[in-house]
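Letter by letter, the chains look like this.
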Amino acid sequence: MSKVTDFIIDWETMGNAPDGAVVDLAVLVFEHDPYKLPMFEDLCKRGCRFKFNLQEEKGMRFFDQGTIDWWKKQDTEAQKHLKPSSEDVSVMEFYESFLDFLAAQGFDKKTGQGWCRGQSFDFPIMIDVIRKIYNTRETFKYEPCFFWQQRDVRTAVEATLLMRDMTMCPMPKGVLDGFVAHNAIHDCAKAALELLYSKRYALGLDDIPTGDDVDPRSVRK
């Protein structure tokens with residue numbers, strides 16, 4: 001069986017619509033093989049994050065009050081991502097580096113799939129950003145993967161576990177040690193593990209954990 005390499009993206013934004021201001025973007029390339037289970041920490045090390053200059057986006061992308069209010073309710077660790085830093089890059093200039101990262105990690109557009117948690121969120125934002133970078137509505141040749149190769153983690157988990165609305169995959173206690181919610185790289189790594197663990201359960205390689213054996217960060221509170 002040939003190696004199957006996919007990627008996961010996760011945007012953090014200041015608006016839920018495709019033209020909302022973007023805080024950062026994380027991308028993680030992983031081997032989509034339930035027989036090879038990586039550690040959360042190792043997945044995080046493989047991720048790449050682009051933190052954007054929010055000040056530059058004023059007048060170019062939209063800041064929605066509802067999302068601003070939502071950020072105010074998040075913990076201080078998550079809110080750190082909103083502050084200016086020396087890592088900030090322009091949303092108009094990062095994209096070639098993003099594609100270079102995918103290529104360097106072994107992603108093949110002809111065979112690989114692009115994943116996200118919420119098909120109506122991450123990829124529409126990506127398309128809107130690409131349109132503005134290249135000043136065109138026709139983005140097909142610029143997109144990181146073909147639109148028919150885009151997949152949603154929630155749908156995959158629900159379908160694999162055969163339980164309606166079970167869109168988060170319970171994982172063994174300790175698997176997500178070090179996880180910080182709304183850290184985009186952490187969210188990508190968690191999503192990759194959800195895909196792999198749900199397949200392992202379906203294949204009978206592991207039993208679904210219950211009770212105190214469940215990592216609380218892997219289920220709804």
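Structure's up top.
Residues numbered from 1 in each chain as written. Predicted model: local features only at pLDDT ≥ 70, side-chain atom pairs only at ≥ 80, totals over all residues. Heavy atoms only, no water.

J.: I would appreciate a short explanation of the packing of helix α7 (residues 153-161) against helix α8 (residues 184-203) in the present structure.
T.: Packed helix pairs are characterised by how far apart their axes lie and by the angle those axes make with each other. Contact pair α7 / α8: the axes reach a minimum separation of 9 Å and the direction vectors enclose 15°. Relative to α8, α7 is oriented roughly parallel. Where α7 crosses over α8, the handedness of that crossing is left-handed. Along its contact with α7, which presents Val153, Ala156, Val157, Thr160 and Leu161, the element α8 presents Ala191, Glu194, Leu195, Ser198, Lys199, Tyr201 and Ala202. Taken together, the residues that form the contact of α7 with α8 break down as 8 nonpolar, 2 polar and 2 charged. (Axes fitted to C-alpha atoms, helices over the stretch in contact; angles between N-to-C directions. Helix = DSSP H or I, 4+ residues; strand = E, 2+ residues; numbered from the N terminus. Parallel < 35°, antiparallel > 145°, perpendicular 65-115°, else oblique. Left-handed = near helix turned anticlockwise from the far one by under 90°. Contact = heavy atoms within 4.5 Å. Nonpolar A, V, L, I, M, F, W, Y, C, P; charged D, E, K, R; others polar.)

J.: Would you mind showing me how to read a nonpolar patch on the surface here?
T.: There is a patch of nonpolar side chains on the surface, built from Tyr35, Leu203 and Leu205 and spanning about 310 Å² of accessible area. Residue Leu203 is classed as partly exposed on the basis of its relative accessible area of 47%. (Patch = residues over 30% accessible without salt bridge, like charges linked within 9 Å, V, L, I, M, F, W, Y side chains within 5 Å. Areas by Shrake-Rupley, 256 points an atom, 1.4 Å probe, with all protein chains shown as cover. Salt bridge = Lys/Arg side-chain N within 4 Å of Asp/Glu carboxyl O. Buried < 20%, exposed > 50% of the residue type's maximum accessible area, 1.4 Å probe, protein only.)

J.: Just to check I follow, could you spell out the packing of aromatic side chains for this structure?
T.: Geometrically, a pair of aromatic rings is defined through the distance of the ring centres and the angle of the planes. According to the stated counting rule, one finds 20 aromatic pairs in the structure shown. On the numbers, 5.0 Å between centres and 75° between planes, the contact of Phe52 with Phe94 is edge-to-face. Residue Phe52 is found in the loop between β3 (48-51) and α2 (54-57), and its partner Phe94 is found in the loop between α4 (76-79) and α5 (95-104); the two are separated by 42 residues along the sequence. Judged by relative accessible area, which is 1%, Phe52 ranks as buried. (Phe/Tyr/Trp six-rings, centres within 6.5 Å; stacked < 30°, edge-to-face > 60°.)

J.: It is not clear to me how the environment of Glu56 should be interpreted in this structure. Could you clarify?
T.: Structurally, Glu56 can be placed in helix α2. Of the residues examined, Glu56 reaches a relative accessible area of 32% and is grouped as partly exposed. It is 23 Å that separates the C-alpha atoms of Glu56 and Tyr142, two residues lying 86 residues apart in sequence. For Glu56, the residues in contact, after removing those within four places along its chain, are Ser90 and Val91.

J.: I tried to follow helix α6 (residues 122-134) on my own but got confused; where do I start?
T.: Since the α-helix packs 3.6 residues into each turn, any two residues three or four apart lie on the same face. Helix length check: α6 (13 residues) gives 19 Å between terminal C-alpha atoms against 18 Å at 1.5 Å per residue, within 8%. All buried positions along α6 are accounted for by Asp122, Phe123, Ile125, Met126, Ile127, Asp128, Val129 and Ile130. Where the residues of α6 are buried, they touch β1 (5-13), β2 (22-31), α5, β4 (114-116) and β5 (150-152). Trailing α6 by a residue or two, Asn135 shows a phi angle of about 50°, which is positive. (Expected span 1.5 Å × (residues − 1).)

J.: Whenever I open this one, the side chain of Gln113 confuses me. Can you help?
T.: One can find Gln113 in the loop between α5 and β4. Separated by 3.5 Å, the side chains of Gln113 and Trp115 make a polar contact. Aside from chain neighbours lying at most four places away, what touches Gln113 is Thr5, Asp6, Phe7, Phe107, Gln149 and Arg151. (Polar contact = N/O pair within 3.5 Å; in protein donor to acceptor, adjacent residues only side chain to side chain.)

J.: Just to check I follow, could you spell out the sheet that holds β3 for this structure?
T.: Remark on secondary structure: sheet strands pair via backbone hydrogen bonds, oriented parallel or antiparallel. With mixed pairing, the 5 strands of this open sheet are ordered in space as β3-β2-β1-β4-β5. Bordering the open sheet on either side are β3 and β5, each of which pairs with just one other strand. Here the average twist between neighbouring strands, direction ignored, is 25°. Bridge analysis of β4 against β5 gives 3 bridges, and the strand direction is parallel. (Pairing = 2+ DSSP bridges.)

J.: Sorry, what's going on with the nonpolar core here?
T.: Soluble globular proteins tend to pack their nonpolar side chains together in the buried interior. In this structure, Ile8 and Leu193 are the most contacted members of the largest nonpolar core, which totals 27 residues. At the level of elements, β2, α1 (40-46), α7 and α8 are the ones that each hand at least two residues to this core. What Ile8 contacts, discounting residues up to four positions off in sequence, is Ala26, Val27, Leu28, Phe30, Trp115, Cys188, Ala191, Ala192 and Leu195. Within the second largest apolar cluster, 24 residues are counted, among which are Val91, Tyr95, Leu102 and Phe107. (Core = buried A, V, L, I, M, F, W, Y, C linked by side-chain atoms within 4.5 Å.)

Just geometry here; none of it tells us what the structure is for.
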